[in-house]
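Architecture and fold: a report
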Amino acid sequence: MGYKYCKEGHIMDPSWKRCPVCLAPLAGWILVLEKDEVAHKFYTIHEGKSFLGSGVDCEIRILGQELSRQQAYITVVDGICTIVDMGNGAPMKVNNVDVTKATIIDGDVISFGDTALKIKLI
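Here's what I pulled together on the structure shown here. These figures come from a predicted structure and were not determined experimentally. (Residues numbered from 1 in each chain as written. Predicted model: local features only at pLDDT ≥ 70, side-chain atom pairs only at ≥ 80, totals over all residues. Heavy atoms only, no water.)

It is worth spelling out the side chain of Asp85 at this point. Following the sequence through the fold, Asp85 ends up in strand 8 (residues 80-85). The buried charged residue Asp85 lacks any salt bridge partner; its closest oppositely charged side chain belongs to Lys93, at an N-O distance of 11 Å. Here Gly87 takes part through its backbone nitrogen, which lies 3.0 Å from a polar atom of the side chain of Asp85. From its side chain, Asp85 meets the backbone nitrogen of Met92 in a polar contact 3.3 Å long. Apart from residues no more than four positions distant in its own chain, Asp85 is found in contact with Gln71, Ala72, Ala90, Pro91, Met92, Val99, Thr100 and Phe112. (Helix = DSSP H or I, 4+ residues; strand = E, 2+ residues; numbered from the N terminus. Buried < 20%, exposed > 50% of the residue type's maximum accessible area, 1.4 Å probe, protein only. Lys, Arg positive; Asp, Glu negative; His and termini not counted. Salt bridge = Lys/Arg side-chain N within 4 Å of Asp/Glu carboxyl O. Polar contact = N/O pair within 3.5 Å; in protein donor to acceptor, adjacent residues only side chain to side chain. Contact = heavy atoms within 4.5 Å.)

This is the structure:
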């Protein structure tokens, strides 16, 4: 079965006119940081649960950063943002502390090996 993608890159059923992920309220952004801590790309975070990784089934699909297919998932409910490491690849750190699950706030830096992501929440 063929799939199509919305403007944000989310996978969609061909019969859908609108992307259900993009219809969810915007909660913030994930900034992919370079070695000099300058963001070179960003992805949107929406209310609800979003998978983060390199796989086509991830709502936050980050390529070229050595992430596993499904590295982690982010959940935003009632303004509370949490991230859970799925244990598939490099261990997760939040602000340089090893964790498997964490509540994240605006400005936190999440890393998986050499990949650093800065969270900007609304």
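Now that the structure has been shown, the text picks up again.
This paragraph deals with the sheet that holds strand 8. Consider a sheet: its strands pair through backbone hydrogen bonds, and that pairing is either parallel or antiparallel. The strand order 6-5-7-8-11 describes an open sheet built from 5 strands, whose pairing is mixed. Edge strands, defined here as strands with exactly one partner in the open sheet, are strand 6 (60-61) and strand 11 (101-104). As judged from the 4 bridges shared by strand 8 and strand 11, these two strands associate in the antiparallel manner. Each residue of the ladder has a partner; that of Ile83, found in strand 11, is Ala102. (Pairing = 2+ DSSP bridges.)

Right, let's talk about the state of the cysteines for a bit. Counting across every chain of the model gives 0 disulfides. With no disulfide of its own, Cys6 lies closest to Cys19 among cysteine sulfurs, the gap being 3.7 Å. Cys58 takes part in no disulfide bond, and the closest cysteine sulfur to it belongs to Cys6, at a distance of 14 Å. Note on Cys58: relative accessible area 2%, which makes it buried. (Disulfide = S-S within 2.5 Å.)

Looking now at the environment of Gly9. Of note, Gly9 is situated in the loop between strand 1 (4-5) and strand 2 (11-12). Counting along the chain gives 51 residues from Gly9 to Ile60, while the straight-line C-alpha distance between them is 8.4 Å.

Ile30, Leu52, Ile62, Ile74, Ile83, Ile110 and Phe112 are the most contacted members of the largest nonpolar core, which totals 22 residues. Once you skip the residues sitting within four places of it in the chain, Ile74 turns out to touch Ile30, Ile45, Gly48, Lys49, Ser50, Leu52, Ile60, Cys81, Thr82 and Ile83. (Core = buried A, V, L, I, M, F, W, Y, C linked by side-chain atoms within 4.5 Å.)

Enumeration over the complete set of coordinates arrives at 1 aromatic pair. With 5.7 Å between their ring centres and 55 degrees between their planes, Phe51 and Tyr73 make a pair best called tilted. Of this pair, Phe51 sits in strand 5 (residues 48-53) while Tyr73 is found in strand 7 (residues 72-77), placing the two residues 22 residues apart along the sequence. (Phe/Tyr/Trp six-rings, centres within 6.5 Å; stacked < 30°, edge-to-face > 60°.)

The pairing of strand 5 with strand 7 spans 5 bridges and is antiparallel. The residue bridging Ser50 from the neighbouring strand is Ile74, located in strand 7. Sheet analysis places strand 7 next to strand 8, joined by 6 bridges and oriented antiparallel. Its bridge partner being in strand 8, Val77 is matched across the sheet by Ile80. In sequence, strand 7 turns back onto strand 8 through a hairpin of 2 residues, with Asp78 there showing a positive phi of about 50 degrees.

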